[in-house]
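Working through the structure, step by step
Chain residues, written in single-letter form:
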Amino acid sequence: ACASGSVAVLAAVHQIMAGLHDVVLVVGAEQQKTMSPAEGSDVLGAAGDYANERAQFGEFMFPKLFGRIAELYTKRYGLTERQLATVAVKNYAHASKNPCAQMRANALSVEQAMQECDANPRLAPPLKITDCSQITDGAAALVLCSERFLRSRDRTRPSIRLQGFGHTTDHLSLDRKQVPEFPMARKAAHCAYEMANVSPAEIHAAEIHDCFTISEIVAYEILGFSERGQGPRLLESGATALPWARDRIGAPTPSHAIPVNAGGGLIGDGHPVGATGVRQITEAYRQLTQTAGERQVENVRRYLTFNMGGSMTTSVAMIWGV
C-alpha cells in the first residue's frame, strides 16, 4: 500500500548489498483518478483489516482510522483543531514553491483549514478534508547503484548515499496497535539511526508520511524529533517550517530548525500511493544536492525519509547523506 515505494527501494538496496546487481532502477507509479473517492477509499482499505475495520468504520475507512488516532492522541496528550490545521497550512505553503506539487496554486490559511463547511466537511472527526492528502496520479523514479559501480563511472553527476535504514511491520488492525506511541514504527527509526550512527538531533530535514495531519504530528515523536506528547509544540515552534512559511502559520523563528516536507509532503505535493516512498527520496536527493530551488533547506547534509503503509502498519525509515 502506501509504503510500497520505499519497500521497493529496500528490495533494490538488498540486491545491491548482496552483490546480485550493481545498478537497480526503482519506479513508483499510481493512477487514482479513474474512480470516485469513495471507491478509491475502498480499494485502499485492503491495507487495513478490511473485513473488520470496514464494518466498524464504514465508508472512507482510512480517514476514519486516522481520525481515531487523532481522538486517542487528544485523549492522551491533548490536541487542538488549530494544531491539526497548522500541519496542512505549512505543507500547502511549502508546496507553493514546488513546481511539481499538486496543490502548488492552492493557498490555505489556518482559519480556512479550521472552518467546517460544505467545501471542508468533517469527514472523519476530528479530521476535515483539509486534514487529508489528495487523490493523486503521479510517478517517481530513481537509480540506485553500488559504490564500486559509481567509482567506475563519470562522477560529474552529484550523488547521495544511503547511510541507514529500518523496516518494521506491526499488527494489521488499528485496535491491536499501541496508539499513539506506535513502538514498532519507532523501532524502524531506531534501526535507521543505529545503522547510520547518528541521533535525531543530527538530522537536518525530513520527508514524513503526512497522509493525514495527525500522522505528521505522531511521526515527529516516532522519529525522536520531539518527546512523546510534544509533537504539536514542535510544530508551533516553527522548527518544522521553512523560514518564509513560518509567517503563514504564525510561528516564531526557532532556536533549532528541522524542516519537514519541504516539497509539500503528501498533503501539498500529492499522494500517488505507489510512488510516494520513491518521491520522498527524490526530494531528499534534490535537497542534498542543492537543486531544490526556492524550497532549498540551508546547510542540509543529512536527510531522513519516513514512509508508512496502513494505519502505521508497515514503516520504513531511511537516512540519506552526502
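Going by the structure above, here's the rest.
Here we summarise the structure given alongside this text. Since this is a predicted model, take the numbers as computed values, not measurements. (Residues numbered from 1 in each chain as written. Predicted model: local features only at pLDDT ≥ 70, side-chain atom pairs only at ≥ 80, totals over all residues. Heavy atoms only, no water.)

1. As for the layout of surface pockets
In plain terms, the rule: Lining residues are those with an atom within 4 Å of a point, where the points come from a 1 Å grid over the protein atoms alone and group into cavities, where a 1.4 Å probe fits but cannot get out, or pockets, open sets with protein on both sides within 12 Å along at least five of seven lines. Grid points are joined across faces, edges and corners, and a volume is the space filled by probe spheres set on the points. Secondary structure elements are taken from DSSP: a helix is a run of H or I of four residues or more, a strand is a run of E of two residues or more, and numbering for both begins at the N terminus. Under the convention adopted here, Pro, Cys and the residues Ala, Val, Leu, Ile, Met, Phe, Trp and Tyr are nonpolar, Asp, Glu, Lys and Arg are charged, and Gly plus all remaining residues are polar.
Its volume calculated, the largest pocket comes out at about 1000 Å³. Residue lining of the largest pocket: 33 residues in total, with V143, L144, C145, S159 and I160 positioned closest to the centre. Contributing elements (two or more residues each) for the lining of the largest pocket: α1 (4-17), β2 (138-145), α7 (147-151), β3 (161-169), α13 (273-288) and β6 (314-321). Partitioned by chemical class, the residues of the lining of the largest pocket number 20 nonpolar, 6 polar and 7 charged. The volume enclosed by the second largest pocket comes to roughly 490 Å³. As for the second largest pocket, its lining consists of 23 residues, and the residues nearest its centre are L44, P63, S133, I135 and F212. Among the secondary structure elements, those contributing two or more residues to the lining of the second largest pocket are α2 (37-44) and α4 (61-77). Top contributing element to the lining of the second largest pocket by residue count: α2, with 4 residues. Of the residues in the lining of the second largest pocket, the class split is 15 nonpolar, 8 polar and no charged.

2. Details of the packing of aromatic side chains
Aromatic ring pairs are reported here in terms of the distance separating the ring centres and the angle at which the planes meet. Filter applied, for reference: Between the rings of Phe, Tyr and Trp (Trp by its six-membered ring), a pair exists once the centres lie within 6.5 Å; its type follows the angle of the planes, with under 30 degrees stacked, over 60 edge-to-face, and the other angles tilted. Our definition puts a charge over a ring when NZ of Lys or CZ of Arg is within 6 Å of the ring centre and also within 35 degrees of the ring normal.
What the rule picks out here adds up to 3 aromatic pairs. Positioned above the aromatic ring of W244 is the side chain of K97, whose terminal nitrogen or guanidinium carbon lies 5.2 Å from the ring centre.

3. Description of helix α8 (residues 183-196)
Using the following cut-off: Working rule for helices: expected span equals 1.5 Å times residues minus one. Residue exposure (1.4 Å probe, protein chains only): buried if accessible area is under 20% of the type maximum, exposed if over 50%, otherwise partly exposed. Taken from the helix axis, the directions to the C-beta atoms give the arc we talk about.
Relative to the 20 Å expected for 14 residues at 1.5 Å per residue, α8 spans 20 Å between its end C-alpha atoms, a close match to the ideal helical length. Regarding α8, the residues found buried are A185, R186, A188, A189, A192, Y193 and A196. Looking straight down α8, one finds its buried side chains confined to an arc of 155°; they lie on one side. Note on α8: the residue one or two positions beyond its end, N197, has a positive phi of about 60°.

4. A few points about the pairing of strand β4 (residues 205-208)
The side chains of a regular strand alternate, first on one face of the sheet and then on the other. Put simply, the rule is: In short, DSSP must find at least two bridges between two strands for them to pair.
Side chains of β4 alternate between two faces, with A205 and E207 and A206 and I208 buried alike. Sheet topology note: the β4/strand β5 (residues 302-309) ladder contains 4 bridges and is parallel. In the sheet register, E207 faces β5, and the bridge partner there is T305.

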